[in-house]
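The lines below spell out each chain.
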Amino acid sequence: MSGVLVILEYRDGWNRMSWEALAAAQQIAAQTSQPLMAAVAGGKLNDAALELADKPLARAFAVRHALLDEYTADGFVAAFVQLIAKVDPQLVLFPHTYQVRDFAPRLAARFGQSLIADVIAINLESGRPVFVRQLLQGKLNADYIHTDTGPCFASLQAGAFRADALTCGSCTIEEFVPHIETSQIRTQPGERFRESAQTVDLAAANLIVSVGRGIKEETNIPIVEELAATLGAELAASRPICDNGWLPMERQVGSSGQTVSPKVYIAVGISGAIQHLVGMKGSKAVVAINKDENAPIFEVADYGIVGDLFEVVPALTAAVRKARGA
Amino acid sequence: MRGPHTRSNLCGRQQSPRHTDMKIIVAVKQVPVRDSVIRIDAGGKWIEEEDLSFEINEPDAYALEEALLLKEKHGGEVVVLCAGPARAGQTIREALAKGADRAIYIPCDDLVSLDTLGLARRLAAAAATERADLILTGLQSDDLGLGQTGVVMAETLGIPHATIVMKVEVLDAGVRVKRELEDGWFQWVQMPMPALLTVQSGISPLRYATLMGIKKAKTKEVRHCPPEQLPPPTPPTVTLQRIYLPQRKKETQILAGTPSEAAAKLADILKFEVRVI
């Protein structure tokens with residue numbers, strides 16, 4: 001049992017988190033003197049295989065089957081069980097995508113293992129990987145170690161590892177055709193679709209005022225609307241606000257909404273759950289207004305005001321008006 | 001349907017699934033309330049629980065709500081399944097007060113030292129004897145956030161699953177669910193029952209327990225799962241070594257003072273430093 005195997009994600013194009021996982025894996029493989037390997041599964045992989053060929057891999061696998069053309073957990077688990085059994089790696093890494101969340105726990109369980117999910121860092125202690133995860137919505141970090149003799153499975157959080165650390169190279173793509181029967185696939189996936197055309201392009205916004213649970217009631221939304229209007233900013237929100245219907249879904253920032261990178265992001269009453277942070281941590285400057293000084297949003301904030309948003313926001317609106325006038 | 005599927009000896013029904021009188025299990029977890037001030041305990045492996053308040057894990061509350069809606073539509077029974085220390089009894093009572101019919105409680109003081117497999121095997125063993133049509137649970141827990149207990153339960157029971165579910169429709173031939181994918185994409189997926197679904201937060205408004213519900217809950221059955229029904233404990237494959245406060249990635253400049261003083265400082269920064277006004 002040796003090697004670091006990365007399961008990449010491809011569907012009409014790469015999921016860019018694949019390269020973050022591969023870069024992290026390259027580092028671990030180098031540090032532990034193990035070969036770096038990667039695999040991608042699907043029905044149509046010609047373009048993917050071409051692009052994979054310039055990566056610094058000891059082995060690269062195109063896992064091809066007509067039943068893998070459309071993703072199903074049953075199909076992907078069946079395919080990767082066979083590949084992992086053949087390759088026998090010590091460590092299997094995934095990008096922590098929605099698709100990985102759907103099948104990787106099941107795949108790990110087939111090997112009698114528990115997936116170490118949503119890892120933000122891998123440190124080596126006496127040559128053995130220590131996986132860092134966040135607990136309690138980012139309030140705490142935790143170190144996990146793999147304490148079994150079988151392969152270790154871990155998925156890596158979006159944005160936690162830098163894809164540009166990956167070096168170039170070359171490799172030969174090995175074809176791997178798993179045995180999968182139609183009867184093994186119990187789920188029937190339909191077409192992928194979007195609910196409605198996006199009319200708000202938060203990604204292009206220069207200035208964003210974003211509101212979270214701290215706003216408490218729908219009737220309080222106007223106080224942040226007023227701040228946004230005064231600043232000439234787009235109004236955005238964390239998931240619970242859009243789930244409640246207080247603002248339209250298209251204004252949601254986070255892993256299930258839009259990814260933004262404005263010049264300034266003002267987070268009002270947003271605690272900073274990881275699902276939100278992945279959508280806004282590319283902002284040039286982050287301002288957090290929150291009553292809880294320990295809220296994870298302050299981990300990524302450049303400027304912070306610890307206080308009651310119902311006092312701070314109207315005061316800020318007034319101060320911006322004054323600054324504009326001066 | 002694509003064809004016959006392998007059914008587990010434990011959880012499978014021999015007949016084709018019914019869409020009336022469904023039996024639905026909802027696996028719920030009790031977690032610290034969201035705004036809790038967290039302190040690390042002396043051992044450095046978990047948090048001080050003494051002064052904390054606990055509540056139902058938020059995504060699990062939505063799973064329970066979905067189960068209650070399905071029961072109202074199709075008839076049947078909602079069974080709450082919960083593993084945890086004695087304090088979890090409160091969360092079970094609240095779920096019964098909201099309308100669950102009965103509960104299975106797995107006494108479990110070692111929740112923190114279990115890995116996902118260890119917990120999922122216990123939950124699966126307790127669920128297996130019920131032969132439910134559907135098992136619902138939240139997509140992840142607010143405390144550990146591993147997001148996989150449900151999926152591994154499905155694997156242990158040998159039944160299909162879908163994650164991050166937004167809508168559930170029961171059909172004659174099984175269940176059809178709307179899954180959330182990344183970046184605002186969705187997909188309908190159909191599968192036979194029994195099946196396990198992990199439910200996204202916020203998919204429908206949560207109900208409150210009524211006074212009548214709270215009264216009725218006291219008479220509802222809470223069955224303690226006997227230890228002999230649970231799988232023998234196995235050493236964890238993954239171990240939590242220590243917990244600690246995260247290091248700040250950025251130096252946050254805290255703007256102190258009264259709300260208007262702090263706001264004035266921020267307006268200055270927006271004007272003169274980052275220059276957006």
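How each quantity is defined
Residues numbered from 1 in each chain as written. Chains lettered and ligands numbered in written order. Predicted model: local features only at pLDDT ≥ 70, side-chain atom pairs only at ≥ 80, totals over all residues. Helix = DSSP H or I, 4+ residues; strand = E, 2+ residues; numbered from the N terminus. Buried ≥ 20, exposed ≤ 12 C-beta atoms within 10 Å, placed from the backbone. Contact = placed C-beta atoms within 7 Å. Nonpolar A, V, L, I, M, F, W, Y, C, P; charged D, E, K, R; others polar. Pairing = 2+ DSSP bridges. Domains from an automatic or database assignment. Expected span 1.5 Å × (residues − 1). Core = buried A, V, L, I, M, F, W, Y, C linked by C-beta atoms within 7 Å. Axes fitted to C-alpha atoms, helices over the stretch in contact; angles between N-to-C directions. pLDDT = per-residue confidence, 0-100. Parallel < 35°, antiparallel > 145°, perpendicular 65-115°, else oblique. Left-handed = near helix turned anticlockwise from the far one by under 90°.

This next bit is on the overall build of chain A. Secondary structure summary: chain A contains 8 helices and 15 strands in total. Along the three orthogonal principal directions, the C-alpha set of chain A runs to about 70 × 45 × 35 Å. Buried residues in chain A amount to 53% of all 326 residues. Across chain A, every contact between residues at least 6 apart in sequence was considered, and the portion connecting residues at least 24 apart equals 66%.

Before going further, it helps to examine the overall build of chain B. Helices and strands together make up the secondary structure of chain B, namely 6 helices and 13 strands. With the C-alpha coordinates of chain B rotated into their principal frame, the extents come out at 70 × 45 × 45 Å. Looking at chain B residue by residue over its 277 residues, the buried ones come to 46%. Pairs at least 24 apart in sequence give 74% of the contacts found in chain B among residues at least 6 apart.

How large an interface is tends to be reported as the accessible area lost when its parts come together. Chain A puts 75 residues into the contact, and the matching count from chain B is 71 residues. Considering every element that reaches the side of chain A that touches chain B, the biggest residue donor is helix H8 (residues 309-325) of chain A, with 9 residues. Residues of the side of chain A that touches chain B, tallied by class, amount to 34 nonpolar, 20 polar and 21 charged. With 5 bridges joining them, strand S10 (residues 188-194) of chain A and strand S9 (residues 185-191) of chain B adopt antiparallel strand pairing. When the bridges of S9(B) are listed, Gln188(A) appears paired with Gln190(B).

Residue and element names in this part refer to chain A. According to the domain assignment, chain A contains domain 1 (4-184) and domain 2 (202-325). Averaged C-alpha coordinates put domain 1 and domain 2 at centres separated by 34 Å. Here the side of domain 1 that touches domain 2 is composed, by residue class, of 1 nonpolar, 4 polar and 1 charged.

Further remarks concern H8(A). Compared with an ideal rise of 1.5 Å per residue, which puts 17 residues at 24 Å, H8(A) spans 24 Å between its outermost C-alpha atoms and is within 8% of the ideal. Along H8(A), the residues that are buried comprise Leu309(A), Val312(A), Val313(A), Ala315(A), Leu316(A), Thr317(A), Ala319(A) and Val320(A).

Right, let's talk about the nonpolar core for a bit. In this structure, Leu93(A), Val26(B), Val80(B), Leu81(B) and Leu266(B) are the most contacted members of the largest nonpolar core, which totals 190 residues. Top contributing element to this core by residue count: helix H3 (residues 73-87) of chain A, with 8 residues. Shared between two domains, this core takes at least three residues from each, and those domains are domain 1 (4-184) and domain 2 (202-325) of chain A. Residues in contact with Val26(B), not counting those within four places in the same chain, are Ala63(B), Leu64(B), Ala67(B), Val78(B), Val80(B), Leu81(B), Ala100(B), Leu136(B) and Thr137(B).

What follows deals with the sheet that holds strand S4 (residues 76-84) of chain B. Hydrogen bonds between backbone atoms are what pair the strands of a sheet, whose relative direction is either parallel or antiparallel. Reading across the sheet, the 10 strands line up as S10(A)-S9(B)-S8(B)-S7(B)-S10(B)-S6(B)-S1(B)-S4(B)-S5(B)-S11(B) and stay open at both edges, with mixed pairing between neighbours. The sheet terminates laterally at S10 of chain A together with strand S11 (222-224) of chain B, the two strands that pair on one side only. Neighbour-to-neighbour, the strand axes of the sheet open up by a mean angle of 30 degrees, direction not taken into account. Relative to the sheet, helix H2 (residues 88-98) of chain B contacts strand S1 (22-28), S4, strand S5 (102-107) and S11 of chain B, its axis offset from that of S4(B) by approximately 165 degrees.

All right, on to the environment of Ala160(A) then. Within the secondary structure, Ala160(A) is located in the loop between strand S8 (152-156) and strand S9 (173-176). Along the primary structure Ala160(A) and Ala24(A) are separated by 136 residues, whereas in three dimensions their C-alpha atoms are 9.2 Å apart.

Residue Pro194(B) follows Met193(B) across a cis peptide bond; omega there is 5 degrees. Its place among the elements puts Pro194(B) in the loop between S9 and strand S10 (195-199). Even without a glycine there, the phi angle at Asp88(A) is positive, about 55 degrees. Inspection of the secondary structure puts Asp88(A) in the loop between H3 and strand S4 (91-95). With 11 C-beta atoms counted inside 10 Å, the residue Asp88(A) sits in the exposed group.

Here we take up the confidence of the model for chain B. Residues and elements named next belong to chain B. The predicted model of chain B averages 91 in pLDDT, with 93% of residues at 70 or higher. With pLDDT under 50 throughout, residues 1-17 is counted as low confidence; its partners more than four residues away or in other chains account for 32 contacts. As scored by the predictor, the complex reaches a pTM of 0.89 and an ipTM of 0.88.

Let us look at the sheet that holds strand S12 (residues 238-244) of chain B. Read across the open sheet, the 10 strands follow the order S9(A)-S3(A)-S2(A)-S1(A)-S4(A)-S8(A)-S5(A)-S6(A)-S7(A)-S12(B); overall the sheet is mixed. Here the strands that pair on one side only, and so sit at the sheet edges, are S9 of chain A together with S12 of chain B. Taking each pair of neighbouring strands and ignoring which way they run, the sheet shows an average axis angle of 35 degrees. In this structure, S4(A) lies alongside S8(A), joined through 5 bridges in parallel fashion. Paired with Leu91(A) across the strands is Cys152(A), a residue of S8(A). Across the sheet, helix H1 (residues 17-31) of chain A touches strand S1 (4-8), strand S2 (36-42), S4, strand S5 (116-125), strand S6 (128-135) and S8 of chain A, and the angle it forms with S4(A) is around 155 degrees. Strands S4 and S8 of chain A of the sheet are contacted by helix H4 (residues 98-110) of chain A, whose axis makes an angle of about 170 degrees with S8(A).

Running from amino to carboxyl end, H8(A) crosses helix H6 (residues 259-273) of chain B at an angle of 45 degrees, the nearest separation of the two axes being 8 Å. The pairing of H8(A) with H6(B) is recorded here as oblique in orientation. Once H8(A) is placed against H6(B), the crossing between them reads as right-handed. Between H8(A), through Glu311(A), Val312(A), Ala315(A), Leu316(A), Ala319(A), Val320(A), Lys322(A) and Ala323(A), and H6(B), the contact on the second element is made entirely by Pro259(B), Ser260(B), Ala262(B), Ala263(B), Ala264(B), Leu266(B), Ala267(B), Asp268(B) and Lys271(B). Here the residues of the contact of H8(A) with H6(B) are counted per class, giving 12 nonpolar, 1 polar and 4 charged.

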